[in-house]
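Single-letter residue listing:
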Amino acid sequence: MEADTLQIKQLEKRIRTRFNKAGKEYNLLEDGDNIVVGLSGGKDSLMLLKLLAEQSRIYKPRISVVAVHIKMSNIPYQSDIKFLNDYCNELGVELITAETSFDASTDTRKSPCFLCSWNRRKMLFTIAQERGCNKIALGHNMDDFLETMLMNITFQGAFSAMAPKMQMRKFPISVIRPLCLVNESDIARYAQLAGYPSQIKNCPYEKASNREHMKQLLHKLEELNPEARYNLWGSMSNIQTELLPPKPQKQQDE
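What you see is a predicted model, and the numbers here were worked out from it, not measured in a lab.

Peer 1: How do you make sense of the pattern of salt bridges when you look at a structure like this?
Peer 2: Any two side chains of opposite charge can pair if their charged atoms end up close together. Applying the stated criterion across every chain, the model contains 18 salt bridges. Glu 184 is the partner of Lys 43 in a salt bridge, and the nearest nitrogen-oxygen pair spans 3.1 Å. Linking Lys 43 in helix H2 (residues 43–56) with Glu 184 in helix H6 (residues 184–194), this pair joins segments that are 141 residues apart in sequence. Here Arg 131 ties to Glu 94 by a salt bridge, and the two come within 2.8 Å at their closest N and O atoms. Placement of the pair is Arg 131 in the loop between helix H4 (112–130) and strand S4 (135–137) and Glu 94 in strand S3 (residues 94–100), with a sequence separation of 37 residues. On the accessibility criterion, Arg 131 (41% relative accessible area) is partly exposed. Owing to a relative accessible area of 41%, Glu 94 belongs among the partly exposed residues under this scheme. Connected through shared salt-bridge partners, Lys 43, Asp 44, Glu 147, Glu 184, Arg 211 and Lys 215 make up one network.

See below:
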């Protein structure tokens, strides 16, 4: 037990250090922020809420936090609501629950995962506006960023990932991802030691996603080079355009 307690403290310190680094490097938290935290019930969102709740009790920057859990009524993917309520109470954070759904047959051009995520995000924006919040915090970790980058390169032919901070065009709201520099393995180990309950994963679209393949690819790259994840992250801000093919110019029909 003492060994587990020591490991939890070490993990907390490492995660919090990278959380603070992301906040400073990408200007994620500012005085007066009212933040909606998307609380799915998974390990990442639980860790994110813990860190932001602790930050809300610090004088600078002064922020306020509210947690929002959205249930997708047509997907049998459940979280332990009692645990989420107890967890939020322990952190001194209000928990709001809401429900929405989507119909995958309405847009066959988009994957069910995209439609599910988009509808959850839409509900988060609605609640954020109703509560006068200026930021929405999501629990994407470094692995999520790198897997998205590998997917976009492989399937879309575009060098892109996610932004740590993104100002929305239609709303006075920013989306922030404060765990962007935190390794998923650290969060997973912390969740195991802290006794976070598992979600009831029963999504019918889960196997249709390419993310699991990208996760395996990332692990393979790290077997080749233990620093691969940090080099991949650095490559996103070190694009040497002079060593890349120029963008083809459109030719006018003669």
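Peer 1: Is there a simple way to think about the packing of aromatic side chains in this case?
Peer 2: Centre-to-centre distance and the angle between the planes together describe a pair of aromatic rings. Using the criterion set out here, one finds 6 aromatic pairs in the structure. For the pair Phe 125 and Phe 171, a centre-to-centre distance of 5.3 Å together with 25 degrees between the ring planes defines the contact as stacked. Remark: Phe 171 occurs in the loop between strand S5 (165–167) and strand S6 (174–176) and Phe 125 occurs in helix H4; sequence separation between them is 46 residues. With relative accessibility at 30%, the residue Phe 171 sits in the partly exposed group. Clustering of aromatic rings is evident, with ring pairs tying together Phe 83, Tyr 87, Tyr 190 and Tyr 196.

Peer 1: I keep staring at the sheet that holds S5 and nothing clicks. Help me out?
Peer 2: Backbone-to-backbone hydrogen bonds join strands into a sheet, with any given pair of strands oriented parallel or antiparallel. Here 6 strands make up an open sheet; going across it, the order is S3-S2-S1-S4-S6-S5 and the pairing mixed. Sheet topology places S3 and S5 at the edges, where each strand pairs with a single neighbour. Across this sheet, the average inter-strand angle for adjacent strands is 25 degrees, counted without regard to direction. Packing against the sheet, H2 makes contact with strand S1 (33–38), strand S2 (63–72) and S4, and its axis sits at approximately 160 degrees to S2.

Peer 1: Sorry if this is basic, but what is going on with the nonpolar core here?
Peer 2: The tendency in soluble globular proteins is for nonpolar side chains to be buried side by side. Ranked by size, the top nonpolar core spans 48 residues in total, and within it Ile 35, Val 37, Leu 39, Leu 49 and Leu 52 carry the most contacts. For this core, the element with the highest residue contribution is H2, accounting for 7 residues. Leu 52 has contacts with Phe 19, Leu 29, Ile 35, Val 37, Ile 63, Val 65 and Ala 137, leaving out every residue within four places of it along the chain. Val 36, Val 68, Ala 98 and Ile 127 belong to the second-largest nonpolar core, a separate cluster that totals 15 residues.

Peer 1: Would you take a moment to explain the pairing of S2 for this structure?
Peer 2: Both faces of the sheet carry side chains from a regular strand, because those side chains alternate between them. The buried fraction of S2 is high, at 8 of 10 residues. For S1 and S2, the ladder comprises 6 bridges, and the chain directions are parallel. By the bridge assignment for S2, Asn 34 is matched with Ser 64. In this region the chain leaves S1, passes through H2 and returns to the parallel neighbour S2; the handedness of that crossover is right-handed. The pairing of S2 with S3 spans 7 bridges and is parallel. Counterpart to His 69 in the pairing with S3 is Thr 97.

Peer 1: Quick question: what am I supposed to make of a nonpolar patch on the surface here?
Peer 2: A cluster of nonpolar side chains, contributed by Ile 153, Phe 159, Ile 239 and Leu 244, occupies part of the molecular surface with about 370 Å² of accessible area. With respect to the secondary-structure elements, Leu 244 resides in the segment after helix H8 (228–235). Judged by its relative accessible area of 47%, Leu 244 is partly exposed.

Peer 1: I would appreciate a short explanation of the side chain of Glu 147 in the present structure.
Peer 2: Mapping Glu 147 onto the fold places it in helix H5 (residues 142–156). Looking at Glu 147, the relative accessible area reads 0%, which means it is buried.

Peer 1: Just checking my understanding: could you explain the side chain of Thr 148 for this structure?
Peer 2: Position of Thr 148 among the secondary structure elements: in helix H5. Within the local environment of Thr 148, its side chain forms a polar contact with the side chain of Arg 211, the two groups lying 2.9 Å apart. What Thr 148 contacts, discounting residues up to four positions off in sequence, is Ser 160, Ala 161, Met 162 and Arg 211.

Procedures and definitions
- Residues numbered from 1 in each chain as written.
- Predicted model: local features only at pLDDT ≥ 70, side-chain atom pairs only at ≥ 80, totals over all residues.
- Heavy atoms only, no water.
- Salt bridge = Lys/Arg side-chain N within 4 Å of Asp/Glu carboxyl O.
- Helix = DSSP H or I, 4+ residues; strand = E, 2+ residues; numbered from the N terminus.
- Buried < 20%, exposed > 50% of the residue type's maximum accessible area, 1.4 Å probe, protein only.
- Phe/Tyr/Trp six-rings, centres within 6.5 Å; stacked < 30°, edge-to-face > 60°.
- Pairing = 2+ DSSP bridges.
- Axes fitted to C-alpha atoms, helices over the stretch in contact; angles between N-to-C directions.
- Contact = heavy atoms within 4.5 Å.
- Core = buried A, V, L, I, M, F, W, Y, C linked by side-chain atoms within 4.5 Å.
- Right-handed = clockwise from strand over helix to strand, strands pointing away.
- Patch = residues over 30% accessible without salt bridge, like charges linked within 9 Å, V, L, I, M, F, W, Y side chains within 5 Å.
- Areas by Shrake-Rupley, 256 points an atom, 1.4 Å probe, with all protein chains shown as cover.
- Polar contact = N/O pair within 3.5 Å; in protein donor to acceptor, adjacent residues only side chain to side chain.

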